[in-house]
Amino acid sequence: MPAQRKHHRPAAQPAPEPPPEPYPVHSIPGTLLASRLVGSGRTRPAVVVSYKSDAGKRRINAQFLAQQLGDEADVFEIANGVETRKLQDGLPEDLHVFGTGARVYPAGTGWAARTPPARLVVGSTDLGRLTNQLLGDVHAAAHSGFPSPPAESAKPTRATATGTVRGFTSEDNSRALVKLSTTGKIVTVRAEDLLPGVPLNWLLTPGQSVTGLLDEGNGTLDISALLLKPGSPITSYSEGDVALARVRSAGATHAMVTLWPGSDFRIGTARISSNELDSAEDLLTEGEVVRVRVLYENGAVVLSMLDVDDDEPIVPAPPLVQGGPPWLDLDRPYASIFAPPAAPLPGEPSAGQAAAGTGAAGVVLEAQEPALTPAERKTALKSTQMELEKARHTIAELQDLVDKLVATDKAARTLQDKLAQEHAKANDLARRHNDAVHQIDAFKAELAKTTAKLVGAKKQRRSASSRSESSLAGLFPEPEEQFDFELRHEWALMVPAMDKAAQPLGEYVVGPGFLATLSQLPAPQRAKTLRAAVDLIANREGPLRNRKPHFLRENEGAHAPARMRGDDVCWRLYVEQGTAGALRLHYWKLKSGGFELHEVVTHDDVKP
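Residues numbered from 1 in each chain as written. Predicted model: local features only at pLDDT ≥ 70, side-chain atom pairs only at ≥ 80, totals over all residues. Heavy atoms only, no water.

(A) Representation of the pattern of salt bridges. The tally for this structure, following the rule as stated, stands at 23 salt bridges. In this structure, the salt-bridge partner of Arg291 is Asp310, at a minimum N-O distance of 3.7 Å. Residue Arg291 is found in strand S14 (residues 289-297), and its partner Asp310 is found in the loop between strand S15 (300-304) and helix H7 (351-356); the two are separated by 19 residues along the sequence. Since its relative accessible area comes to 49%, Asp310 is described here as partly exposed. One salt bridge in this structure joins Arg293 and Glu312, with 3.0 Å as the shortest N-O distance. With Arg293 in strand S14 and Glu312 in the loop between S15 and H7, the pair connects residues that are 19 residues apart, well separated along the chain. Through salt bridges that share partners, Glu276, Asp535, Arg540 and Arg547 make up one connected network. (Salt bridge = Lys/Arg side-chain N within 4 Å of Asp/Glu carboxyl O. Helix = DSSP H or I, 4+ residues; strand = E, 2+ residues; numbered from the N terminus. Buried < 20%, exposed > 50% of the residue type's maximum accessible area, 1.4 Å probe, protein only.)

(B) Focus on the sheet that holds strand S5 (residues 119-120). Spatial ordering of the open sheet is given by S1-S3-S2-S4-S5, a layout of 5 strands whose pairing is mixed. Each of the sheet's edge strands pairs with one partner strand only, and the pair in question is strand S1 (25-26) and S5. Its contacts with the sheet put helix H3 (residues 82-90) on strand S2 (46-51) and strand S3 (74-79), and the angle it makes with S3 is roughly 125°. In the packing of helix H4 (residues 127-142) onto the sheet, the strands contacted are S2, strand S4 (101-105) and S5, and the crossing angle to S4 comes to about 10°. (Pairing = 2+ DSSP bridges. Contact = heavy atoms within 4.5 Å. Axes fitted to C-alpha atoms, helices over the stretch in contact; angles between N-to-C directions.)

(C) Representation of the sheet that holds strand S12 (residues 254-260). The strand order across the open sheet formed by 5 strands is S13-S12-S11-S14-S15, and the pairing between neighbours is antiparallel. A single partner strand is all that each edge strand has here, and the edge strands are strand S13 (263-268) and S15. Ignoring which end each strand starts from, the neighbouring axes of this sheet average 45° apart. In this structure, S12 lies alongside S13, joined through 6 bridges in antiparallel fashion.

(D) Main features of the packing of aromatic side chains. What the rule picks out here adds up to 8 aromatic pairs. A centroid spacing of 5.3 Å and a plane angle of 75° characterise the contact between Phe483 and Phe514, whose relative ring orientation is edge-to-face. Of this pair, Phe483 sits in helix H10 (residues 479-494) while Phe514 sits in helix H11 (residues 514-519), placing them 31 residues apart in sequence. Here the two residues Phe483 and Phe514 agree in accessibility, since each one is buried. With 5.8 Å between their ring centres and 75° between their planes, Tyr587 and Phe595 make a pair best called edge-to-face. (Phe/Tyr/Trp six-rings, centres within 6.5 Å; stacked < 30°, edge-to-face > 60°.)

(E) Summary view of the environment of Ala245. For Ala245, the location among the structural elements is in strand S11 (residues 242-250). The sequence separation of Ala245 and Asp264 amounts to 19 residues, and the corresponding C-alpha distance is 9.2 Å. Those residues within four positions of Ala245 in sequence are excluded, and the remaining contacts are Val257, Thr258, Leu259, Glu288, Val289, Val290, Val292 and Leu328.

(F) Layout of unusual backbone geometry. Positive phi is not limited to glycine here, since Asp94 has a value of about 65°. Overall, the relative accessible area of 47% leaves Asp94 in the partly exposed class. Even without a glycine there, the phi angle at Asn539 is positive, about 55°. When its relative accessible area of 47% is taken as the criterion, Asn539 is described as partly exposed.

(G) Highlighting the packing of helix H2 (residues 62-69) against H4. For the pair H2 and H4, interaxial distance at closest approach is 11 Å and the crossing angle is 40°. In terms of orientation, H2 and H4 fall into the oblique class. H4 is crossed by H2, and the crossing has right-handed handedness. Contacts between H2 and H4 involve Phe64, Leu65, Gln68 and Leu69 from the former and Thr131, Leu134, Leu135 and Val138 from the latter. Residue classes in the contact of H2 with H4 are distributed as 6 nonpolar, 2 polar and no charged. (Parallel < 35°, antiparallel > 145°, perpendicular 65-115°, else oblique. Left-handed = near helix turned anticlockwise from the far one by under 90°. Nonpolar A, V, L, I, M, F, W, Y, C, P; charged D, E, K, R; others polar.)

Structure, rendered in structure tokens:
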């Protein structure tokens, strides 16, 4: 036999490694899913996505959620109907999910009490915003209620990472989304890690680069090391600078304002308005951002709102995070502390138009039904949602029964009629729910507009008051006639109508040097002198007593005799208090009755 040749086959090449599998979306029966959710061995949150067979593209993308969450949570998908009812049977009461939507179930002890509400796709729901809300629910669930690991277990690694701020989530802007420079993954910055109670859009700005400690386990970036600590106002502002402050509270006699967190100052009403009848709570609104002048008196920082013009340059508020924007800005509407109304979809009328029934920009509240309280609106909305969900559940049960039941024509017609009734009921409830949402959005928008108008009106009132003080000048050719007119005008403004008969202007004469000293005063101090003269000549017992009238003595001795001019006695009273070089009014109390206004001097000038 001929020798056989040996055929050498080429060695088999190793199979290429398969690409890494994406994070899976689990599909398991409702009964098994319920057992897994209530089991004690669960160590991370779970997201359950339910869908109706006819949802089409109007459903939550479970695979996208799984890719965004990674190892932070398990994602499950379940069909609405029989499986969702099995899931409901195995869960505590009111923790189910139906229809097209999703719900986050926290892990750890007490998870049932911390489970957020279901996020449902209803009508024109914004799927992108709904997905962001679910991601926020997962982040919140991952950081609350789960017991700390044993001391001997390995701590999660926290590496330094850099990213760019992309935007903000949550109605109160307490979460910022940051895209990492290296991996492109989206992580979260939490407000409670920086300055609790301050919205993150006051500290950060889109496009800003931030660096912090990355916790890959829960997808958060801790940038607390970037927090800045503003120094004393003395290091930030010079004498007379105009700064921005936020009103923390306002009462009858004073207001508390904040230059930056931890730097609070008290402003008395006298430093807010020159009108003694004003109160701080009438002029200022809590949360309002206002202009203040920074003064230094006897080494102490004093804030004042008097004589601050709207066009006067402002020293920008300091940033609170490195590279961030000024934490206060007049162009940033402070009314944003209220929940902003959702933007209408294209072609859909705005919330104000839907509530008013017209295309007008304003909302005429008088033409609407009596407004509900916030608690009543919240209860009504929640009740409508529960009824709507119950109706949809009933529809799903009836539809399954119609599909599976072999019934007579009469039974089928009865079931179809009941199904049609439930459909009509569900549509009506959906309409009522949509109307309630639009009404709430309209109330929120109107509240923000009304608050902003109130702030504007108060600013215009203060500006008009400051302008009116100078509008009376130059009405008479003779200085004495001009002074008499201004004095009587100030008396008419200061003394209420019911007190004018009891507090008339008495007899007075103008001394030879009085008008000369008055003409040297700026407008605000001239107005203060006029008010002091009104209190004296009208003998207003309460206000005059506060000005502490007393003798002008021959010398600085406590028992020195009063200065006399024949039988006339020289007196003095306060025009200003608590300021350097405070003004005093010198006058003669005439034996024949009445007063002679002598001169306006500073506190240290004691010569008659």
